[in-house]
Amino acid sequence: MKIEQSISLKPYNTFGIHATASYFVSVSTIEELKQILSLKKYPKKLILGGGSNMLLTQNFEGLVIHVNLKGIEIVSEDENFVLVKAAAGENWHEFVMYCINNDFGGVENLSLIPGNVGTAPIQNIGAYGVELKDTFESCEAISVETQLLETFNKQDCHFDYRNSIFKNEAKGNYIITNVTFKLSKQNHKLHINYGTIASELEVMHIKNPTIQDISKAVISIRESKLPNPKVIGNSGSFFKNPVVSKTHYNKLLQNFEDMPSYPISGDDVKIPAGWLIEKAGFKGKRFGDYGVHKNQALVLVNYGNAKGSDILDLSQLIQKTIEQLFGIYIEAEVNIL
Ligand code: EPU
């Protein structure tokens, strides 16, 4: 374990933003992690997983800890279910592929989401009708303060849409070291009702899909809509889909009769932020090295050498415009640092 100085974080964030970390260390064992956390010399620390959900707007004057814990193991299994434990530093999509290759069902709709296993619970990643919480069994996390390992079960995590305890009460207090998933071994519960999946399976001429087929369909949809961060820097959805009251939504329908919505519990509906941003005229807009993606307006992109502050300014302009046009505040999903 080597602590390096003045390291560019460009390779460590999917936006591909250059910012410098004063100190940087990559840890590959729990012991190393405990040791580094106990050092008093670096009071300011930033925990980095896959770097897929953050926008760096300035240099980080502290120690960046890159969590590089690896390993996937079966904890227990019976005829129907298997508990699989994956270390935090495993790449999320590679973990999904491990599940698909072993015919373990439950995470196939979450194929190709950038990031690592250990950061996936923080924002309860979700796509195409499935969220991480649906297969989450438990996770272990090290307390930054005590360096002790604690176990969190599903209830402890307070999962919600793109949210968990790790983004709220426990923010910055824990580093997730591994996650255990409960996956099906047979009679997989397939989620194909999300519109685009059903139509993609049709295009593929598949009537009785397997989890492999669903994964392929999801990969194909994502590749057609979402930019590959290795080619164009981005952080997936930059904003969350806002929740508004049905009353407000009905009022908006008078002026915007094609405004889509998803029903959620109670008196509220969720509106696709991508639709609002497109309606406001931002879709595909490019400002020098940064802009709004041409196929999915929720995604802000870095075409090369954009600064984090450029992207932040654009996001604020979008928020202001949406608020003026629709009276709706769209909250950023990514962490701004
Ligand atoms: N839409 C537009 N214009 C756009 C984009 C979307 O009009 O440019 C409207 C369309 O009406 C479309 C609807 O929004 O039918 C929904 O679009 P989509 O299916 O792409 O889903 P989304 O709500 O925009 C969410 C997630 C994505 C996830 C998809 C698929 C959030 C913030 N985003 O996007 O997650 O892949 O559903 O399940 O909830 C991510 O978090 O990084 C991410 C990509």
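Undergrad: Help me understand the site of the ligand, please; the structure alone is not making it clear to me.
TA: In the vicinity of the ligand there are 25 residues, among which Tyr-128, Tyr-161, Arg-162, Ser-237 and Glu-278 approach most closely. In the environment of the ligand, an oxygen atom lies 2.9 Å from a nitrogen or oxygen atom belonging to the side chain of Tyr-194. In the model, an oxygen atom of the ligand is placed 2.8 Å from a nitrogen or oxygen of the Ala-297 main chain. About the coverage of the ligand: the protein hides 82% of its 810 Å² of free accessible area. Taken together, the elements giving at least two residues each to the shell around the ligand come down to β8 (126-127), α4 (211-225) and α6 (273-279).

Undergrad: Would you take a moment to explain the nonpolar core for this structure?
TA: For soluble globular proteins, the rule of thumb is that nonpolar side chains tend to be buried together. Core analysis: the biggest nonpolar cluster contains 45 residues, and Ile-277 and Ile-318 have the highest contact counts within it. It is helix α7 (residues 308-326) that provides the largest number of residues to this core, a total of six residues. When residues of this core are assigned to domains, at least three map to each of domain 1 (4-67) and domain 3 (233-336). Ignoring anything within four residues of it in the chain, the contact list for Ile-277 reads Phe-239, Phe-282, Lys-283, Val-292, Ala-297, Leu-298, Ile-318, Ile-322 and Ile-330. Trp-92, Ile-113, Val-117 and Leu-132 belong to the second largest nonpolar core, which has 39 residues in total.

Undergrad: Looking at this structure, I do not really get the pattern of salt bridges. What am I missing?
TA: Opposite charge on two side chains permits pairing when their charged atoms draw close. The full count for this structure, using the stated rule, is nine salt bridges. A salt bridge links Lys-133 to Asp-134; the nearest nitrogen and oxygen atoms lie 3.4 Å apart. Residue Lys-133 is classed as partly exposed on the basis of its relative accessible area of 28%. Between Arg-162 and Glu-333 there is a salt bridge; the shortest N-O distance is 2.9 Å. Of this pair, Arg-162 sits in the loop between β11 (149-153) and β12 (174-184) while Glu-333 is found in the loop between α7 and β20 (335-336), placing the two residues 171 residues apart along the sequence. Among the residues examined, Glu-333 registers a relative accessible area of 5% and is labelled buried. Among the charged side chains, a salt-bridge network with shared partners connects Glu-131, Lys-133 and Asp-134.

Undergrad: I keep staring at the packing of helix α2 (residues 92-101) against α4 and nothing clicks. Help me out?
TA: Relative orientation and spacing of two packed helices are given, respectively, by the angle between their axes and the distance between those axes. Close contact between α2 and α4 brings their axes to 10 Å; oriented N to C, the two are set at 150°. In terms of orientation, α2 and α4 fall into the roughly antiparallel class. Here α2 runs over α4; the crossing is left-handed. Only Ile-211, Gln-212, Ser-215 and Ile-219 of α4 make contact with α2, whose side of the interface consists of His-93, Met-97 and Ile-100. Of the residues that constitute the contact of α2 with α4, the class distribution is four nonpolar, three polar and no charged.

Undergrad: Looking at this structure, how should I read the sheet that holds strand β5 (residues 60-67)?
TA: The mixed open sheet is built from four strands, whose spatial order is β1-β2-β5-β3. Looking at the sheet topology across the chains shown, the edges are occupied by β1 (4-8) and β3 (45-48). Across this sheet, the average inter-strand angle for adjacent strands is 40°, counted without regard to direction. In this structure, β3 lies alongside β5, joined through four bridges in parallel fashion. Residue pairing in the sheet places Leu-46 in a bridge with Val-64 of β5. Along the sheet, helix α1 (residues 30-38) contacts β2 (20-27), β3 and β5; its crossing angle with β2, the most-contacted strand, is approximately 145°.

Undergrad: Hey, could you run me through the domain arrangement of the chain in this one?
TA: Size of an interface: often given as the accessible area lost when the parts come together. One can read the domain layout of the chain as domain 1 (4-67), domain 2 (72-225) and domain 3 (233-336). A straight line from the C-alpha centre of domain 1 to that of domain 2 covers 25 Å. Listed by partner, the interface residues are 11 residues for domain 1 and 14 residues for domain 2. Regarding the contact of domain 1 and domain 2, the summed buried area is about 1,100 Å², with carbon and sulfur atoms giving 73% of it. Applying the counting criterion to the domain 1 and domain 2 interface returns zero salt bridges. Counting across the interface, domain 1 meets domain 2 through zero residue pairs in polar contact (both at pLDDT 80 or more). Here the residues of the side of domain 1 that touches domain 2 are counted per class, giving five nonpolar, five polar and one charged.

Undergrad: What is the right way to look at the packing of aromatic side chains in this model?
TA: Geometrically, a pair of aromatic rings is defined through the distance of the ring centres and the angle of the planes. Summed over all chains, the structure comprises 15 aromatic pairs. Ring centres of Tyr-12 and Phe-24 lie 4.7 Å apart, and the angle between their planes is 40°; on these two criteria the pair is classed as tilted. In this pair, Tyr-12 sits in the loop between β1 and β2 while Phe-24 sits in strand β2, placing the two residues 12 residues apart along the sequence. For Tyr-12, a relative accessible area of 26% translates into the label partly exposed. A centroid spacing of 5.0 Å and a plane angle of 85° characterise the contact between Phe-152 and Tyr-174, whose relative ring orientation is edge-to-face. Separated by 22 residues along the polypeptide, Phe-152 in strand β11 and Tyr-174 in strand β12 bring together distant segments of the chain.

Undergrad: Which parts of the structure should I look at to understand the sheet that holds strand β16 (residues 268-270)?
TA: Pairing between the strands of a sheet comes from backbone hydrogen bonds, and it takes one of two forms, parallel or antiparallel. Strand order across the open sheet formed by three strands is β14-β16-β15, with antiparallel pairing between neighbours. The two strands at the open ends of the sheet, each matched to only one other strand, are β14 (243-245) and β15 (262-263). When β15 meets β16, the two strands line up antiparallel, connected through two bridges. Along β16, the bridge assignment pairs Tyr-262 with Lys-270. Its contacts with the sheet put helix α5 (residues 246-255) on β14 and β16, and the angle it makes with β14 is roughly 85°.

Rules of the game
- Residues numbered from 1 in each chain as written.
- Predicted model: local features only at pLDDT ≥ 70, side-chain atom pairs only at ≥ 80, totals over all residues.
- Heavy atoms only, no water.
- Near = heavy atom within 4 Å.
- Polar contact = N/O pair within 3.5 Å; in protein donor to acceptor, adjacent residues only side chain to side chain.
- Areas by Shrake-Rupley, 256 points an atom, 1.4 Å probe, with all protein chains shown as cover.
- Helix = DSSP H or I, 4+ residues; strand = E, 2+ residues; numbered from the N terminus.
- Core = buried A, V, L, I, M, F, W, Y, C linked by side-chain atoms within 4.5 Å.
- Buried < 20%, exposed > 50% of the residue type's maximum accessible area, 1.4 Å probe, protein only.
- Domains from an automatic or database assignment.
- Contact = heavy atoms within 4.5 Å.
- Salt bridge = Lys/Arg side-chain N within 4 Å of Asp/Glu carboxyl O.
- Axes fitted to C-alpha atoms, helices over the stretch in contact; angles between N-to-C directions.
- Parallel < 35°, antiparallel > 145°, perpendicular 65-115°, else oblique.
- Left-handed = near helix turned anticlockwise from the far one by under 90°.
- Nonpolar A, V, L, I, M, F, W, Y, C, P; charged D, E, K, R; others polar.
- Pairing = 2+ DSSP bridges.
- Buried area = accessible area lost by both parts, 1.4 Å probe.
- Phe/Tyr/Trp six-rings, centres within 6.5 Å; stacked < 30°, edge-to-face > 60°.

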